[in-house]
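Read off the chains here:
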Amino acid sequence: MSSQLGDKRTRKDWLHFVPFAIWLVYCMFFFLQPDVFKYNDGLIVMNLDIPPIKTTTYTGDPLGLRNYVNIATIIHIVIYNIILTRRLLLAVRKKGETVFNTKDENLRSIRNSFYHFLIVTLILIFVKSTYESDVGDYLIFLYICFMIFLTSYQIMNASSYYLQTSSFLEGPVLKYEKSSLAKEDKAIILEAISNQMKNEKYFLSSTASLSGLAKSINESSHHVSQVINEKLGLSFFELLASYRVEEAKEILNTEMGKKLTIEEIAERVGYNSKSAFNTAFKKITSHTPSSYRDS
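Residues numbered from 1 in each chain as written. Predicted model: local features only at pLDDT ≥ 70, side-chain atom pairs only at ≥ 80, totals over all residues. Heavy atoms only, no water.

## Overview of the overall build of the chain
Basically, it comes down to this: A run of H or I in DSSP becomes a helix once it reaches four residues, and a run of E becomes a strand once it reaches two; helices and strands are each numbered from the N terminus. Burial here depends on accessible area, computed with a 1.4 Å probe over protein chains only, as a share of the maximum for the residue type. Under 20% is buried, over 50% is exposed, and the range in between is partly exposed. Whether two residues are in contact is decided by their heavy atoms: any pair within 4.5 Å suffices. Only the protein chains shown count as covering a residue, and every accessible area follows the Shrake-Rupley method with a 1.4 Å probe.
A tally of regular secondary structure across the chain gives 14 helices and two strands. Looking at the 295 residues of the chain, the share that counts as buried comes to 31%. Restricting to contacts in the chain with at least 6 residues of sequence separation, those with at least 24 account for 59%. Surface summary for the chain: the accessible area is close to 19600 Å², and the carbon and sulfur share equals 60%.

## A closer look at the packing of helix H7 (residues 183–198) against helix H9 (residues 221–232)
To be explicit about the condition: In this analysis an axis means a line fitted to C-alpha atoms, helices contributing only their contacting stretch, and an angle means the value between N-to-C directions, from 0 to 180 degrees. If an angle is under 35 degrees, it is roughly parallel; if it is over 145, roughly antiparallel; if it lies from 65 to 115, roughly perpendicular; otherwise it is oblique. When residues are sorted by character, Ala, Val, Leu, Ile, Met, Phe, Trp, Tyr, Cys and Pro go into the nonpolar class, Asp, Glu, Lys and Arg into the charged class, and all the rest, Gly among them, into the polar class.
The contact between H7 and H9 brings their axes to 10 Å, and the two run at 90 degrees. The angle between the axes of H7 and H9 places the two elements in the roughly perpendicular class. Listed contacts from H9 to Lys186, Ile189, Leu190 and Ile193 of H7 are His223, Val224, Gln226, Val227, Ile228, Glu230, Lys231 and Leu232. Residue composition of the contact of H7 with H9, grouped by class: seven nonpolar, two polar and three charged.

## Observations concerning the pattern of salt bridges
The following threshold applies: The rule for a salt bridge is simple: a side-chain nitrogen of Lys or Arg has to be within 4 Å of a carboxyl oxygen of Asp or Glu.
If you walk through the whole model with that rule in mind, you get six salt bridges. In this structure, Lys128 and Asp137 form a salt bridge, with 2.7 Å as the shortest nitrogen-oxygen distance. Grouping residues by exposure puts Lys128 and Asp137 together as buried.

## Concerning the nonpolar core
The following threshold applies: Nonpolar core, defined: a set of buried Ala, Val, Leu, Ile, Met, Phe, Trp, Tyr and Cys residues in which side-chain atoms within 4.5 Å join the residues together.
Core analysis: the biggest nonpolar cluster contains 17 residues, and Ile189, Ile193, Met197, Leu213, Val224, Ile228 and Phe236 have the highest contact counts within it. If you list the elements that add at least two residues to this core, you get H7, helix H8 (210–216), H9 and helix H10 (236–252). Among the nonpolar cores identified, the runner-up in size contains 15 residues, and Ala248, Leu260, Ile262 and Ala266 belong to it.

If you want it as structure tokens, here you go:
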């Protein structure tokens, strides 16, 4: 999310994983215990009315930290929510908009993610204040599963893969042979796509998608995909890459481009990953961004 707000990724970002690493190492005290200890511990955690197995006393929590892990987790998440809220408010104010009414796709994506994190936090507080031990954790897992399914749906909806039509029994068929889109309509859609890419520079958004492009020109994803395929001979992602690479080439040819890192240039043209940028750039130009700049 920080990269979507314009932050540069640094090695300090790894510090966010320190609490997780510490807790993972501490959990080794539990993982190394005998199975009978874990069985008895599970009975206690799930609050089951089953007599434990008599055994030698072990401890998987020598410092007693497990009594505080729930409150520490809640505090940890709340702090991140506060930071995200502040960053989000500052970002929308710079654009003269509000959190609830912003046209920026990045900010809308971050805002919606914040809603989900806030709901998870509220469920976590409710569960830990209502149920004993870990009995109510399934409520948290249910909502997280809902988030995963929702995210998967959005990815599938934005992908052009599912617009393809083929059959292993009948062989490949034309994707758009039953399309009712007229030539005049295709020309209008193509002009709108060109305007979004060349003038509005839609491709610079790190969350650019086929559905997002279609929404920006008030067309269906299927029609936009059809026009890109038939008129340009490209897939949406190939079209996106071509504009991003051309933009990167322009930056690399400037004095500023000689000072920026490849990762910074990748972020400026819409890539969240340096490796993805390098792959696309080399595929289109037969050069890596570094070798292109040097030449």
